[in-house]
Amino acid sequence: MVLEAGGERDLRRSDANRVCCRVLIGVAVLAVVVRLVPTLMHGGWLGLGRYDDGVYLGISMSLLHGQLPYRDLVMLHPPGVVLALAPFAAIAGPFGDPVALVVGKVVVMLAGGVAAALVTWLIRDRGSAAMWAAGATYAVFVPAVYADSSLTLEALSNLLLAGALALSVGVHRPQARQLWAAGALLGVATATKIWGVVPLLVIVAFLWHRDGRAVGGRILLGAVGTVTAVCLPFFAAAPAAMWRMVVLDQLGRPDGNRGLAIRLPELFGLPRYEGHGGPYTQALTWAVFVIVAAVLVAVVMRTVRARLALPVALLLACTAVLVVSPSHFLQYGALLAVPLAWCIGAAVGRGWSRRVLVGALAVSATMSLTLGTGRTVAPRFTAAVQAVDGCLTTDDPTVLIATDTLSRNLELGCTTWIDVTGTTYDLPGVRPSRGFYQERRTNGSWHDAVNPYLETGDGMILGRPSTGIHPDVLTYWANATNTTSSSRYTLYDRTCADQPTYRTRAWLTWAMSTTEGVDAALAKVTSPCPWGATDPGTTSAHRL
C-alpha cells in the first residue's frame, strides 16, 4: 500500500511537471510571436524610427573601435547595455551593420519569451490558470512588447529582474550561490538603467526582513560588486563626465509630466488623453484614470489576500518611479511588466484559465496590428548613401547601421555623434538649466553646435524633425547639395561627381558672406555643384 501511494504521488508530480512545462513553452512562444508579428507586418527588421536601438548598438560598435562612452561619446545611461550589445557589435565587422541589428532584435525577442516564462515560473505553485494569467500578461503587455521588439534598456532589465526573482524567491531555500547570482543579475540591471536600483532595494529589503540578514546581504553585496565591476572602468576613465551624464543630466531633464491622471494610464500603454477639447474630453481623461486606478487597486488587494507581498511592493515602487518621472516613453512602462504579471497571476482564480488564455490571444492579435517598428528606406537610398565618398553625419545612427555605413565611418575615424538628441541634455548652453529648456529649433547655442557637426560630413542624413534644424538651413542644404530621399530621411550629398575633392560651403560661412537678405539669397542657390562641375548650361547665381 505504501509503495502504491508513493507511486501515485510520483505520477501526480510527473503530470504536474508536464503541465508546467507545456505552460512555460506556450507562454514563451506566445511572447515571441507577439513581438515578431508587428516587426514582420510593420516596417521589417530594418525599420527606422525607434532611435534608441541605433544609439545603444552604435555606442557599442564605437567601443570596439576604441571610443569610450562618457570620455569620447555622450551616453546618458550606465554602460551595462554597451557591454551587453558588444557581441552583436562584433558581428558588424565581418557580416555588416544591418546583420548586427537584425541578430540583436531576434535575440531580444527570444529574451522576451524567456522573461515571460520566468515570470510564469514564479507563480507555478498556484496552478496552471495562474501561470497562464501571469505569462500571458507579460507576453501581451503593450510596453513590454514594444521594449522587447528592439534593442532597449528595458528589455534587458526585465530579463535580468525576472532571472533574479527566479533564483532568489522562485525556489525553496535558495542556496548561497543562487543568491549571489541573483544579486549579480540585479547589479547588471542597475548598471543598465539607473532606476534598476529600485527593484534591487525592494527585493533586498523584503528578503532581509523575511529570511534574515545573510540572505538579503548576499544579494546586496552581489549587486554592489557587479555594479562596481561594470561601471568602475568607465568611471575611472572619465569620472566627472560619467557622473554628469548618468546622474545630473537625467535629473535635469525638462519636466513633461502632465499629472497623475494622464501619466498613470500611459504606464499601461494606453493613449494619452489630455482633455484639451473641452469638458467631455476632460471627463474622458478622468474616466480612464479612474478605471485604470480601480483595476490596479483590485489587483493589488487580491494579491495581498493571496499573501504575496513582494510583487505588490515591486509594483507599487516601480509605479511610483514612473509616475514622478519627468519624461515618459512607451517602453518605460515595461518596468511594471514583471511585477504586474506576477500580481495578476496571484489574483486570478483557478477557474479562469480558459478565459485568460482567450483574452491574452485577443490582446496579442490587437498588439500585432497596432505596434510598428518604423519604415525602411528604399534600396536606391541605401545605394546613394553608400556611394558617398567619405564621412557621413546624421541625426539618427540607426540609418547608418541600416545602410551599412556606421562601421565605415568608425574605421575612417570620422567625427560621429552617436546620440545627437542626448547631446542636447549635456551640451553647455543647450541642456536644461533650473527647469528651463529652450526648444532646439530656436536655440542658437544648439544650432552653433549641431550645424557645424553635421557639415563635417561629405554627406548628411536627416530624418528627425525633433533635431530642430532651422528651416533656412534646411533650405540651403536642399538647394546646395545633391539630395536623395526615402521615407522621412533625406541624404544631402555635399560632394560633386566631377570634382571629388569639392564640398559645398558651410551654412554659416555662406550666410555671413551674402550681402542680401537670406530669403533672396536662398532663392538664388540653385546648383549643388560649382560652375563647370556639371552641364555648362546649368546656371547658378551663387558661386558655391
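Quick notes on the rules
Residues numbered from 1 in each chain as written. Predicted model: local features only at pLDDT ≥ 70, side-chain atom pairs only at ≥ 80, totals over all residues. Heavy atoms only, no water. Helix = DSSP H or I, 4+ residues; strand = E, 2+ residues; numbered from the N terminus. Buried < 20%, exposed > 50% of the residue type's maximum accessible area, 1.4 Å probe, protein only. Contact = heavy atoms within 4.5 Å. Areas by Shrake-Rupley, 256 points an atom, 1.4 Å probe, with all protein chains shown as cover. Phe/Tyr/Trp six-rings, centres within 6.5 Å; stacked < 30°, edge-to-face > 60°. Expected span 1.5 Å × (residues − 1). Pairing = 2+ DSSP bridges. Axes fitted to C-alpha atoms, helices over the stretch in contact; angles between N-to-C directions. Salt bridge = Lys/Arg side-chain N within 4 Å of Asp/Glu carboxyl O.

1. What to know about the overall build of the protein
Along its length, the protein carries 25 helices and four strands. Going through the 544 residues of the protein one by one, you find that 54% of them count as buried. The long-range share in the protein, meaning contacts at least 24 apart out of those at least 6 apart in sequence, stands at 72%. By element, 63% of the accessible surface of the protein is carried by carbon and sulfur atoms, the whole surface being about 23900 Å².

2. As for the packing of aromatic side chains
The tally for this structure, following the rule as stated, stands at 10 aromatic pairs. With a centroid separation of 6.4 Å and an interplanar angle of 85°, the aromatic rings of Tyr70 and Phe234 are classed as edge-to-face. One end of the pair, Tyr70, is in the loop between helix 2 (52–64) and helix 3 (80–84); the other, Phe234, is in helix 11 (residues 213–237), and 164 residues separate them in sequence. Just as Tyr70 is buried, Phe234 falls in that class too. With a centroid separation of 4.4 Å and 0° between ring planes, the pair formed by Trp417 and Tyr453 is classed as stacked. Separated by 36 residues along the polypeptide, Trp417 in the loop between helix 20 (406–412) and helix 21 (420–423) and Tyr453 in helix 22 (residues 444–454) bring together distant segments of the chain.

3. Points about helix 15 (residues 309–324)
Within an α-helix, residues lying three or four positions from one another point in the same direction, as the helix has 3.6 residues per turn. Compared with an ideal rise of 1.5 Å per residue, which puts 16 residues at 22 Å, helix 15 spans 23 Å between its outermost C-alpha atoms and is within 8% of the ideal. Residues of helix 15 that are buried include every one of Leu310, Pro311, Val312, Leu314, Leu315, Ala317, Cys318, Thr319, Val321, Leu322 and Val323, and no others.

4. Some words on the sheet that holds strand 4 (residues 489–493)
As summarised here, the arrangement of the four strands in space is 1-2-4-3, forming an open sheet in which the pairing is mixed. Sheet topology places strand 1 (392–394) and strand 3 (482–486) at the edges, where each strand pairs with a single neighbour. On average, each strand axis in the sheet is inclined to that of its neighbour by 20°, with strand direction left out of account. Bridge count between strand 3 and strand 4: five bridges; the pairing is antiparallel. Paired with Thr484 across the two strands is Leu491, which belongs to strand 4.

5. Observations regarding the pattern of salt bridges
Scanning the model with the defined rule gives seven salt bridges in all. With its nearest N and O atoms 2.8 Å apart, the salt bridge here joins Asp72 to Arg71. Residue Arg244 is joined to Asp426 by a salt bridge in which the shortest nitrogen-to-oxygen separation is 2.7 Å. Residue Arg244 is located in helix 12 (residues 239–251), and its partner Asp426 is located in the loop between helix 21 and helix 22; the two are separated by 182 residues in the primary sequence. A relative accessible area of 27% places Arg244 in the partly exposed class. Residue Asp426 is classed as buried on the basis of its relative accessible area, which comes to 7%.

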